[in-house]
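Take a look at the letters that make up each chain.
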Amino acid sequence: MLFEKSSTRTRVSFEVGMFQLGGHALFLHSGNTQMGRGEPIKDTARVMARYCDGIMIRTYSQASVEEFAEQCYVPVINGLTDLYHPCQIMADLFTVSEHKADYRNLKYCWIGDGNNMANSWINAAAVFGFELRVATPKGYEPNAEVIARAEKAGARLLFSHDPEEAVAGADVLNTDVWASMGQEEEQAQREKAFAGFQINSALVKLADPKCLVMHCLPAHRDEEITDEVMEGPHSIIFDEAENRLHVQKAIMATLMER
Ligand code: CP
Ligand code: NVA
């Protein structure tokens, strides 16, 4: 496991998951490896492939993961980049499936930043065919290429700058921090831009009465989501966190089982 960024859930779920599967996971932070001294990604990838049965990597740039995977002949798992967070969305959909009969036939709503999580939800909408409504402030929309590719693949996407319109009758509400890792300096500016995009009780009341509320964590309580909603009856946030473990195990077993 190679990390350029911080992590709690991803690191622990992959490490514990690999132990439970009977293997052994190594935690490396790029700053403490020779990558931190400028060893090229492609050299690191080629060496790690010779020691390990698979690599999970969390980086800033999506291009870094892709370059790593090109050079590495063992499976490479994206543990989050600035562009995507696919393992999280797989755990999220598994969590919805535990609470609702047909997770493909629901109305999903993303509220907040058009970030890596939003982009991966858009990819999931293209794969599974569910309706996805995305409400962001102007200027914070998801990646245009990701949207174009998903729409070409038939994704049912609705975009809005009005969270109330987006959540109306929705089955699943989802949000994330307003400033992701690497954007910390924009926090104050983003707090202004995202005012009105908080998941709170008033917003939840506009959704389906049996709606589910999700957040990948870590959360800034009372910023993008209220403490009340996080702890309230619609929240499946801690089931969602738990399922990182089960779903990461499934991903690793699928990719690495011999
Ligand atoms: N949701 C998630 O990926 O959390 P961590 O950053 O703690 O891994
Ligand atoms: N969008 C967040 C997700 C953290 C799991 C980030 O990239 O920091």
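Residues numbered from 1 in each chain as written. Chains lettered and ligands numbered in written order. Predicted model: local features only at pLDDT ≥ 70, side-chain atom pairs only at ≥ 80, totals over all residues. Heavy atoms only, no water.

Notes on the overall build of the protein chain
If you tally the helices and strands in the protein chain, you get eleven helices and nine strands. Relative to a compact globule of 258 residues, whose C-alpha radius of gyration would be 18 Å, the protein chain shows 18 Å and is just as compact. In terms of overall dimensions, the protein chain has C-alpha extents of about 55 × 40 × 35 Å along its principal axes. Counting only residues that meet the buried cut, the protein chain has 50% of its 258 residues in that class. In the protein chain, 71% of the contacts between residues at least 6 apart in sequence involve partners at least 24 apart. (Helix = DSSP H or I, 4+ residues; strand = E, 2+ residues; numbered from the N terminus. Rg over C-alpha atoms; globule rule 2.2 N^0.38 Å. Buried < 20%, exposed > 50% of the residue type's maximum accessible area, 1.4 Å probe, protein only. Contact = heavy atoms within 4.5 Å.)

So, the packing of aromatic side chains
How two aromatic rings sit relative to each other is set out by the distance from centre to centre and by the angle between their planes. On inspection of all chains with the given rule, the structure shows eight aromatic pairs. Look at Tyr108 and Phe130: their rings are 4.2 Å apart centre to centre, the planes differ by 40 degrees, and that puts the pair in the tilted class. In this pair, Tyr108 sits in strand β5 (residues 107–111) while Phe130 sits in the loop between α5 (116–128) and β6 (131–135), placing the two residues 22 residues apart along the sequence. You can call Phe130 buried: its relative accessible area is 0%. Among the aromatic side chains, those forming a connected cluster through ring pairs are Tyr140, Trp178, Phe194 and Phe197. Above the plane of the ring of Phe27 lies Arg11, whose end atom (NZ or CZ) is 3.8 Å from the centre. (Phe/Tyr/Trp six-rings, centres within 6.5 Å; stacked < 30°, edge-to-face > 60°. Lys NZ or Arg CZ within 6 Å of the ring centre and 35° of its normal.)

Side note on the side chain of Glu240
Inspection of the secondary structure puts Glu240 in helix α11 (residues 237–256). Of the side chains with opposite charge, Arg244 comes closest to the buried, unpaired Glu240, at an N-O distance of 8.0 Å. Excluding its chain neighbours within four sequence positions, the residues that come into contact with Glu240 are Gln88, Ala91, Asp92, Thr95, Met214, His215 and Cys216. (Lys, Arg positive; Asp, Glu negative; His and termini not counted. Salt bridge = Lys/Arg side-chain N within 4 Å of Asp/Glu carboxyl O.)

What to know about the nonpolar core
Most often, soluble globular proteins keep nonpolar side chains buried together rather than apart. Of all hydrophobic cores here, the largest spans 27 residues; its most connected members are Leu93, Val96, Tyr108, Trp121, Phe130, Leu132 and Leu157. Among the elements of the structure, α4 (86–99), β5, α5, β6, α6 (144–152) and β9 (212–215) are those that each provide at least two residues to this core. The biggest single contributor to this core is α5, with six residues. If we skip the residues at most four places from it in the chain, Phe130 touches Leu93, Tyr103, Arg104, Leu106, Tyr108, Trp121, Ala124, Ala125 and Arg156. Counting residues in hydrophobic clusters, the runner-up holds 23 residues, among them Ala135, Ile199, Val213 and Leu217. (Core = buried A, V, L, I, M, F, W, Y, C linked by side-chain atoms within 4.5 Å.)

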